[in-house]
Amino acid sequence: MSPRPISRLLHILAEETDDLAGIAQSLDNLIPELVAQLPENATANLHDLQRVDALWQHLRDISRVLKTVSTSVEAEARLDITLLLTQVRLDYFRHRLLNDPVKPDLGCGDGKPILF
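Presented here is a report on the structure given in the accompanying data block. As the structure is a prediction and not an experimental result, all values here were calculated from the model.

**Brief notes about the side chain of Asp53**
And then number 1: As for its position among the elements, Asp53 is in helix H2 (residues 50-70).
And then number 2: One buried charged residue, Asp53, forms no salt bridge at all, with the nearest opposite charge on Arg60 at 9.9 Å.
And then number 3: Here Gln57 takes part through its side chain, which lies 2.7 Å from a polar atom of the side chain of Asp53.

Put into structure tokens, the structure is as follows:
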């Protein structure tokens, strides 16, 4: 496997992180409506839902930092991603790191919830 440009790998990670931030932000936007539908006594333990707001903001910040770092590394710097690929569980992400295709719409399905 030939080494990949570190700047491109960082940019891919930034895009993926930004997509995750978008998903978390969408969840955060749904929370008030969902909480409003719960019985009054069921809302006592929902304080952790505020952390979803922090999650998407944190992910967005990480994305911005990764994009900035990706433009700051030496153009010649490359990395053998063999070890990285052993850490990745998702096939589409592995494929992206290997072949750098256009990123898919992460989290977009057919609208049918799949609970697992």
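Anyway, onward from the coordinates.
**Quick look at the nonpolar core**
And then number 1: Listed in full, the seven residues of the largest apolar core are Leu9, Ile12, Ile81, Leu85, Val88, Phe93 and Leu97.
And then number 2: Contributions of two or more residues to this core are made by helix H1 (6-36) and helix H4 (91-99).
And then number 3: With near-sequence residues (within four places) excluded, Val88 lies in contact with Phe93, Arg94 and Leu97.

**Digging into a nonpolar patch on the surface**
And then number 1: A contiguous nonpolar surface patch, about 430 Å² in accessible area, is contributed by Leu20, Ile23, Leu27, Leu30 and Leu34.
And then number 2: As for its placement among the helices and strands, Leu20 is situated in helix H1.

**Brief notes about the side chain of Arg60**
And then number 1: In this fold, Arg60 is placed in helix H2.
And then number 2: Classification of Arg60 as buried rests on a relative accessible area of 18%.
And then number 3: If near-sequence neighbours (up to four positions away) are discounted, Arg60 is found in contact with Asp18, Ala21, Gly22 and Gln25.

**A few points about the packing of H1 against H4**
Relative placement of two packed helices is described by the angle separating their axes and the distance separating the axes.
And then number 1: Between H1 and H4, the shortest axis-to-axis distance is 10 Å and the interhelical angle comes to 150°. In terms of orientation, H1 and H4 fall into the roughly antiparallel class. In the packing of H1 onto H4, the handedness of the crossing is right-handed. Contacts between H1 and H4 involve Arg8, Leu9, Ile12, Leu13, Glu15 and Glu16 from the former and Tyr92, Phe93, Arg96 and Leu97 from the latter.
And then number 2: Looking at the contact of H1 with H4 residue by residue, the classes come out as six nonpolar, no polar and four charged.

Reading the values: rules and limits
- Residues numbered from 1 in each chain as written.
- Predicted model: local features only at pLDDT ≥ 70, side-chain atom pairs only at ≥ 80, totals over all residues.
- Heavy atoms only, no water.
- Helix = DSSP H or I, 4+ residues; strand = E, 2+ residues; numbered from the N terminus.
- Buried < 20%, exposed > 50% of the residue type's maximum accessible area, 1.4 Å probe, protein only.
- Lys, Arg positive; Asp, Glu negative; His and termini not counted.
- Salt bridge = Lys/Arg side-chain N within 4 Å of Asp/Glu carboxyl O.
- Polar contact = N/O pair within 3.5 Å; in protein donor to acceptor, adjacent residues only side chain to side chain.
- Core = buried A, V, L, I, M, F, W, Y, C linked by side-chain atoms within 4.5 Å.
- Contact = heavy atoms within 4.5 Å.
- Patch = residues over 30% accessible without salt bridge, like charges linked within 9 Å, V, L, I, M, F, W, Y side chains within 5 Å.
- Areas by Shrake-Rupley, 256 points an atom, 1.4 Å probe, with all protein chains shown as cover.
- Axes fitted to C-alpha atoms, helices over the stretch in contact; angles between N-to-C directions.
- Parallel < 35°, antiparallel > 145°, perpendicular 65-115°, else oblique.
- Left-handed = near helix turned anticlockwise from the far one by under 90°.
- Nonpolar A, V, L, I, M, F, W, Y, C, P; charged D, E, K, R; others polar.

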